[in-house]
Amino acid sequence: MGMNNNRVEHFDCYDQQQFQTIIKIQQQPDIAMEIHKVELPPQRTTLHKLKQRLSEIFFPDDPFYRFKNQSCFMKFILGLQYLFPIFQWAPQYNFHLLRSDAISGLTIASLAIPQGISYAKLANLPPIVGLYSSFVPPLIYSLLGSSKHLGVGPVSIASLVMGSMLSESVSFTQDPILYLKLAFTATFFAGVFQASLGLLRLGFVIDFLSKATLVGFMAGAAVIVSLQQLKGLLGIVHFTTKMQIVPVLISVFKQRDEWSWQTIVMGFGFLAFLLTTRHISLKKPKLFWVSAAAPLASVILSTILVFLVRNKTHKIAIIGNLPKGLNPPSSNMLYFNGPFLALAMKTGLVTGILSLTEGIAVGRTFAALKNYQVDGNKEMMAIGLMNIAGSCSSCYVTTGSFSRSAVNYNAGAQTTVSNIIMASAVLVTLLFLMPLFHYTPNVVLAAIIITAVIGLIDYQAAFKLLKVDKLDFLACMCSFFGVLFISVPVGLGIAVAISVFKILLHVTRPNILVLGNIPGTQIFHNVNQYKEASRVPSFLILGVESPIYFANSTYLQERILRWVREEEEHIKANNGSSLKCIILDMTAVTDIDTSGLDTLCELRKMLEKKLLKLVLANPVGNVMEKLHQSKNLDELGLKGIYLTVGEAVSDIASSWKAQP
């Protein structure tokens, strides 16, 4: 008790000038000095809590609100509209909307045809499969999709990942039938995975791919894709199938004797043309049609050129014969047993996640521009079902393409009918125009792919990450170099691992801030952020910016004790007033578990041994309820919990002053 008497004596001779800080807090004008009681939240049953929690997890948008107080017939109509959004806008559809959709549909068809052929080659699939994938999936999406502007079809990232993952185990040249079966099967599993996420409302799973890691992943993939196209641009016949930057560059220079000057001239000529049109459209968005029409124009011009000089251009590789006709069924080609089933499932999972992430992001981007909402779970189901249908009709993984959607938006699309118009144009091509692509040179397809994937290299986003968040930039770079030097799947794995690590880092090592008083107010803020904020003598006020639970409770205890030690050392060095009370501002503590409760109890006991008082300020309802149920409120006592930090300081300081 001797030490306690010393502390009381020390307070009796408390420096009056320093005590003025507390007096000013107590005497703020227009602020009542009444000390408010912290109330417990209304009592709820465990079942009610569980129901509310599950509702917040799986139904944050409350999709059933429209069904309330409706007749059975209206509920049926609303359910039909919910499952098939086409029934929402079809009754009001008119000729004016059709005219806009027809123009945009034909515009994106001019982009979809060369892209479909090019991306199929990127996935090491027959070019005709790319056109098949631009016919059936858009029709399915037009019935089920909720985005008005999403242009559906193959995309570069999913094509690249599928091609790289499958070709590591199966040669598309030596065993093309097995490779095709695995591609269709991977598409089926991608669709099942996507539709399941939507049906079970588990869309938050794809949020583990942060934007920072995706920026690095897509940039690395774009570089690899571009380097792979050197085979077509240079006319190389024997080229590596590996997807790392070192083997690709070695293969390019090792096969210098296979370089064809005719191919090089044509390839770089059309590449310059495509990049110029892309630059024009970026500078002047009203001229979007220039870059949209450029790929098809390049295909037509190069095909005519090669046809006219076909007897003198033997070194320029061409597509060759493409079969006419509609999508043949491929359900009999799905590969559900055998040694490569795991490969197909893994490929489907990876491509499914990537395509789903891109599709939803693109849909939400253009929805925000037109001020309407896109239901993420409905989009997952739509994309998943169209891939399941596509796997049975000779299609591979498709999703919402950013380039097609941008062209669709700029061309004035009003509804998903633009996808139907595009699919109809592809249908006409499949039925009647396929022989015209016989002399289309592969080098032009390579130029189209390079132009498309260059847009994935977002160096401005990388610079922004470096400026704003160094950890995000590190994640971006790790993902980028992982793709370049290891492999695309490993690069994606690194991206996911870094995203999860970042989450764990924030969860297990939350911020703890020292708070000070803003002069003239009862507001307490971070002393490092607000230079005018002053510490209150004899008080250490700490703000915890995280839930308190098993993953961080030990860290929080150790860090708080360290703050106490450092504060006491600082006071001793400056001959200040002795530390008497620690206030934890619980405003940002959204939850607490049993480990967190035990930590608070242990911390209180450890501080009591140092003759220090622990006080809690502003615990939220959920935290307050658990404190009550665990009997921690009884241990803290009547003066151990306050509504605000200001009231805690005022009341505790008044009690000290009242002591004899």
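Residues numbered from 1 in each chain as written. Predicted model: local features only at pLDDT ≥ 70, side-chain atom pairs only at ≥ 80, totals over all residues. Heavy atoms only, no water.

As annotated in an unreviewed UniProt entry, the chain is STAS domain-containing protein from Lupinus luteus.

1. A short note on a nonpolar patch on the surface
A contiguous nonpolar patch, built from Val246, Ile250, Phe481, Phe485, Ile486 and Val490 and spanning about 530 Å² of accessible area, is present on the exposed surface. Looking at the secondary structure, you find Phe481 in helix H22 (residues 470-485). Using a relative accessible area of 41% as the deciding quantity, one classes Phe481 as partly exposed. (Patch = residues over 30% accessible without salt bridge, like charges linked within 9 Å, V, L, I, M, F, W, Y side chains within 5 Å. Areas by Shrake-Rupley, 256 points an atom, 1.4 Å probe, with all protein chains shown as cover. Salt bridge = Lys/Arg side-chain N within 4 Å of Asp/Glu carboxyl O. Helix = DSSP H or I, 4+ residues; strand = E, 2+ residues; numbered from the N terminus. Buried < 20%, exposed > 50% of the residue type's maximum accessible area, 1.4 Å probe, protein only.)

2. Some remarks on the pairing of strand S7 (residues 613-617)
Counting buried positions along S7 gives four out of five residues, so the element sits mostly inside the fold. As paired elements, strand S6 (residues 581-585) and S7 share five bridges and run parallel to each other. Residue pairing for S7: Ile583 is matched across the bridge by Val615. A crossover connection joins S6 to the parallel S7 through helix H25 (residues 594-609); in handedness this β-α-β unit is right-handed. (Pairing = 2+ DSSP bridges. Right-handed = clockwise from strand over helix to strand, strands pointing away.)

3. What about the environment of Arg604?
Secondary-structure assignment places Arg604 in helix H25. Using a relative accessible area of 10% as the deciding quantity, one classes Arg604 as buried. Remark: the alpha-carbon pair of Arg604 and Val615, spanning eleven residues in sequence, is separated by 8.8 Å.

4. Some remarks on the nonpolar core
Counting 89 residues, the largest nonpolar core has Leu125, Ile128, Val161, Leu182, Phe217, Leu354 and Leu430 as the members making the most contacts within it. Setting aside residues no more than four positions away along its own chain, Val161 makes contact with Phe217, Val350, Thr351, Leu354 and Val488. Membership of the second largest hydrophobic core comes to 33 residues, among which are Val514, Val544, Val564 and Leu579. (Core = buried A, V, L, I, M, F, W, Y, C linked by side-chain atoms within 4.5 Å. Contact = heavy atoms within 4.5 Å.)

5. Quick look at the packing of helix H8 (residues 136-144) against helix H17 (residues 376-391)
Their axes nearest at 9 Å, the elements H8 and H17 cross at an angle of 150°. In terms of their interaxial angle, H8 and H17 are classed as roughly antiparallel. Between H8 and H17 lies a crossing of right-handed hand. Contacts between H8 and H17 involve Pro137, Ile140, Tyr141 and Leu144 from the first element and Glu379, Ala382, Leu385, Met386 and Ala389 from the second. Classifying every residue of the contact of H8 with H17 by side-chain character gives eight nonpolar, no polar and one charged. (Axes fitted to C-alpha atoms, helices over the stretch in contact; angles between N-to-C directions. Parallel < 35°, antiparallel > 145°, perpendicular 65-115°, else oblique. Left-handed = near helix turned anticlockwise from the far one by under 90°. Nonpolar A, V, L, I, M, F, W, Y, C, P; charged D, E, K, R; others polar.)

6. Quick look at helix H9 (residues 156-167)
With twelve residues, H9 extends 16 Å between its outermost C-alpha atoms, agreeing within 8% with the 16 Å of an ideal straight helix rising 1.5 Å per residue. The buried count for H9 comes to twelve of twelve residues, which makes it a mostly enclosed element. Of the positions making up H9, those classed as buried are Ser156, Ile157, Ala158, Ser159, Leu160, Val161, Met162, Gly163, Ser164, Met165, Leu166 and Ser167. Its buried side turned inward, H9 meets helix H6 (95-122), helix H10 (176-199), helix H11 (211-228), helix H16 (341-369), helix H20 (442-454) and helix H23 (488-508). (Expected span 1.5 Å × (residues − 1).)

7. Digging into the layout of surface pockets
As a volume, the second largest pocket reaches approximately 990 Å³. Along the wall of the second largest pocket there are 42 residues; nearest its centre are Lys121, Asn124, Phe172, Lys231 and Asn442. Broken down by secondary-structure element, the contributors of at least two residues to the lining of the second largest pocket are H6, H9, H10, helix H12 (230-234) and H20. Take the lining of the second largest pocket: its biggest share by element is five residues, from H20. Residues of the lining of the second largest pocket, tallied by class, amount to 23 nonpolar, 14 polar and five charged. (1 Å grid on protein atoms, 1.4 Å probe; cavity = no way out; pocket = protein on both sides within 12 Å on 5 of 7 lines; lining within 4 Å. Points joined across faces, edges and corners; volume = space filled by probe spheres on them.)

8. Here we look at the sheet that holds strand S4 (residues 524-526)
Ordered by their spatial adjacency, six strands build an open sheet running S4-S3-S5-S6-S7-S8, and the pairing between neighbours is mixed. The open sheet has two edge strands with one neighbour each: S4 and strand S8 (641-642). Direction of pairing for strand S3 (residues 512-517) relative to S4: antiparallel, over a ladder of three bridges. Looking at S4, one finds that Asn517 is bridged to Phe524. Packing of H25 onto the sheet brings it into contact with S6 and S7, and relative to S7 it is tilted by some 140°.

9. Observations regarding the packing of aromatic side chains
Summed over the entire model, instances satisfying the criterion amount to eleven aromatic pairs. With 5.9 Å between their ring centres and 65° between their planes, Phe172 and Tyr179 make a pair best called edge-to-face. Residues Phe253 and Trp259 carry aromatic rings whose centres are separated by 6.5 Å and whose planes lie at 50° to one another, so their mutual orientation is tilted. On the basis of relative accessible area, Trp259 is assigned to the partly exposed category, the value being 30%. Clustering of aromatic rings is evident, with ring pairs tying together Phe188, Phe189 and Phe336. Geometry around Tyr372 places Lys148 over its ring, the cationic atom sitting 4.8 Å from the centre. (Phe/Tyr/Trp six-rings, centres within 6.5 Å; stacked < 30°, edge-to-face > 60°. Lys NZ or Arg CZ within 6 Å of the ring centre and 35° of its normal.)

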